[in-house]
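The primary structure of each chain is shown beneath.
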Amino acid sequence: MAMEGDSPTLIIRKDVDKVFVQKCKLLVISGPMQGREFIVDKNTFCIGGAPGNDLVLEDSTVSRSHCEIDVLPEGYKIRDMGSTNGTVVQGIKVTEAFLTHGTEIQLGNIRFVFCPLPEQMEYGLSQSESFGSLLGHSVPMRHVFYVAERYAATDATVLIEGETGTGKEVLADELHKHSERCERPFIVIDCASLAKELIASELFGHTRGAFTGALTERVGAFEHADGGTVFLDEISDLDPELQPKLLRVLEKREIKRVGSNEVRNINVRIISATNKKLENEVNAGRFREDLYFRLSVVHIEMPPLRQRKDDIELLAEKFLAEFCGNEALARVQSMDRTIGILKAHDWPGNVRELRNVIEIASYGGDEPLDVASLLCLGRLRGGAEKKNTDFVADRPFKDAKNELIGDFERNYLEDLLKRAEGNVSQAARLAGIERAYLQRLIRKYELR
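Keep in mind that what you see is a predicted model, and the values were worked out from it rather than measured.

S.K.: Mind laying out the overall build of the chain, listing which residues take part and the relevant values?
M.R.: Per the secondary structure count, the chain includes 15 helices and 21 strands. Counting all 448 residues of the chain, 49% fall into the buried class.

So, in structure tokens, the structure goes:
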């Protein structure tokens, strides 16, 4: 259960390049640590029983990675990390909840009160609305850019978490491009797509005869990327047997090829990404705790598109220019209405979904470019019921697309006219389009 509770009230003020948030503490009011106080002094404050947490609670009822408190533009939010006994806020077990003055929190046998302090802390924001090819003027993205700008030029190991399609690989690539390693290789390894038998060879290389089919020696990703960066995508899917070997790479910067005892030194930076909360995988016993802490020296969370809808217009314009040229905006019919439709969608596929939808819309060649109807096609909620959109690619793309667009427009118009009881002017207002354009569509599909 998620709980939002009262509106957060801990924001002091917002400046151009930062948000000032009231610093807070956790006061233990019951349990073995009663009377002790702990200052929440980081943007992400981790609590659990394992060493490496910002607050270590030595209590058997507290999970090793129990919960974390995030400082957000809206205030402080506590988030359970898949703990065994749960995170209880004001007597309710929650997955996440905002914290306000006097909020009671219970973790296992330990109870806290959340208390603001006179001091303040910063939630840093970049002054830029981009980081390489990444765009965004929303507060969540400007915070991502702020962290990226601070650590890109270093050799710090980075963990990027976020839903599928939020741009984790793009960020990893930009971190590499903004580093002193930019002239050296950027090697991507997808831990989810490689077979268990192959990933060790992909990462570490192998000697001739190391296994059936190993006819020659192979240089692995870590050796190939010497001086550069290795990006481990979907790191949460890394086989447990390989996790100790990766830990050795992080700790000693050395590898052994499969089938060899020879130790080889490497010089690489490691950036990893996952669409899961890695702390949850640690609690579930699927991921090594010591490896997690080694990977997350710098932690960046990519926000989903539904939490940064202020960026949708900026992204849509970028993708329209990419697929239709710099003059695309002048060709779009009812751009304001189109953006309104886009912002009404939750975008489960995030930025990748938005880009794909605009790419499909760009193939029509119609003038004016009616992006809104194409974007509604089988994706956004509209008046007409969605049709089954399972396709067989047995004919030209344009023919298949035009047929589907026609089905959508006809179904939408039929439902629209029914809702407006045949009144064309009212139907145009409901649809947010010009009456003359609606009349053309009605004639096109011979509707009454």
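S.K.: Any details on the packing of aromatic side chains? Residues and values, ideally.
M.R.: Given two aromatic rings, one states the distance between the centres and the angle between the planes to describe the pair. Counted according to the given criterion, the structure contains 4 aromatic pairs. When the ring of phenylalanine 186 is compared with that of phenylalanine 231, the centres are 6.1 Å apart and the planes differ by 15°; the resulting orientation is stacked. Of the two residues, phenylalanine 186 sits in strand β16 (residues 186–190) while phenylalanine 231 sits in strand β17 (residues 229–233), which places them 45 residues apart along the sequence. By relative accessible area, which is 0% here, phenylalanine 231 ends up buried. Consider the rings of phenylalanine 204 and phenylalanine 222, whose centres lie 5.8 Å apart with planes at 25°: the pair is stacked. Residue phenylalanine 204 is located in helix α3 (residues 196–204), and its partner phenylalanine 222 is located in helix α4 (residues 221–224); the two are separated by 18 residues in the primary sequence. Across the pair, exposure class does not vary: phenylalanine 204 and phenylalanine 222 are buried alike.

S.K.: Kindly report on the sheet that holds strand β15 (residues 158–161), identifying the contributing residues and their values.
M.R.: Spatially, the 5 strands line up as an open sheet ordered β16-β17-β20-β15-β21, and their pairing is parallel. Looking at strand neighbours, the two that pair on one side only are β16 and β21 (298–301), the edges of this open sheet. Geometrically, the sheet is characterised by an average inter-axis angle of 20° between neighbouring strands, direction not taken into account. The pairing of β17 with strand β20 (residues 269–274) spans 4 bridges and is classified as parallel. From the neighbouring strand, valine 230 faces β20, where its bridge partner is isoleucine 270.

S.K.: Before we move on, could you go through the sheet that holds strand β4 (residues 44–48) and cite the residues and values that matter?
M.R.: One open sheet holds the 5 strands; their spatial order is β5-β4-β6-β7-β10, and the pairing between them is mixed. Of all strands in the sheet, those bounded by a partner on one side alone are β5 (55–56) and β10 (96–99).

S.K.: So what's going on with the packing of helix α8 (residues 312–324) against helix α11 (residues 350–361)? Which residues, and what values?
M.R.: For any two helices packed against each other, the geometry is given by the interaxial angle and the distance between the axes. In contact at an axis separation of 9 Å, α8 and α11 are set at 40° when each is read in the N-to-C sense. One way to sum up the angle between α8 and α11 is to call them oblique. With respect to the hand of their crossing, α8 and α11 are arranged in right-handed fashion. Taken together, the residues of α11 that come into contact with α8 (itself represented by Ile312, Leu315, Ala316, Phe319, Leu320, Glu322 and Phe323) are Val351, Leu354, Arg355, Ile358 and Glu359.

S.K.: I'd love a proper account of the environment of alanine 436, names of residues and values included.
M.R.: With respect to the helices and strands, alanine 436 occurs in helix α15 (residues 435–444). Overall, the relative accessible area of 43% leaves alanine 436 in the partly exposed class. Sequence spacing of alanine 436 and serine 425 is 11 residues, and the spatial spacing of their C-alpha atoms is 9.4 Å.

S.K.: Explain the side chain of aspartate 233 residue by residue, including any values.
M.R.: Here aspartate 233 is to be found in strand β17. In this structure aspartate 233 is buried but unpaired, with lysine 168 as the nearest side chain of opposite charge at 5.6 Å. Contacts of aspartate 233, omitting those with residues within four sequence positions, involve Glu169, Ile189, Asp190, Cys191, Ala192 and Ala273.

S.K.: Describe α3, and please don't skip the residues or the numbers.
M.R.: For α3, the full list of buried residues reads Ile199, Ala200, Ser201, Leu203 and Phe204. Elements that come into contact with the buried residues of α3 comprise β16, α4, β17, α5 (243–252) and β18 (254–256). Glycine 205 sits one or two residues past α3 and shows a positive phi near 80°.

S.K.: Can you lay out helix α1 (residues 139–151) for me, pointing to particular residues and giving the numbers?
M.R.: The end-to-end C-alpha distance of α1 is 19 Å, a good match for the 18 Å that 13 residues give at a rise of 1.5 Å each. Buried residues of α1: Met141, Arg142, His143, Val144, Phe145, Val147 and Ala148, and no others. Looking at the buried positions of α1, the neighbouring elements they touch are β12 (110–124), β13 (130–131), β14 (134–135), α2 (168–177) and β21.

Quick notes on the rules
Residues numbered from 1 in each chain as written. Predicted model: local features only at pLDDT ≥ 70, side-chain atom pairs only at ≥ 80, totals over all residues. Heavy atoms only, no water. Helix = DSSP H or I, 4+ residues; strand = E, 2+ residues; numbered from the N terminus. Buried < 20%, exposed > 50% of the residue type's maximum accessible area, 1.4 Å probe, protein only. Phe/Tyr/Trp six-rings, centres within 6.5 Å; stacked < 30°, edge-to-face > 60°. Pairing = 2+ DSSP bridges. Axes fitted to C-alpha atoms, helices over the stretch in contact; angles between N-to-C directions. Parallel < 35°, antiparallel > 145°, perpendicular 65-115°, else oblique. Left-handed = near helix turned anticlockwise from the far one by under 90°. Contact = heavy atoms within 4.5 Å. Lys, Arg positive; Asp, Glu negative; His and termini not counted. Salt bridge = Lys/Arg side-chain N within 4 Å of Asp/Glu carboxyl O. Expected span 1.5 Å × (residues − 1).

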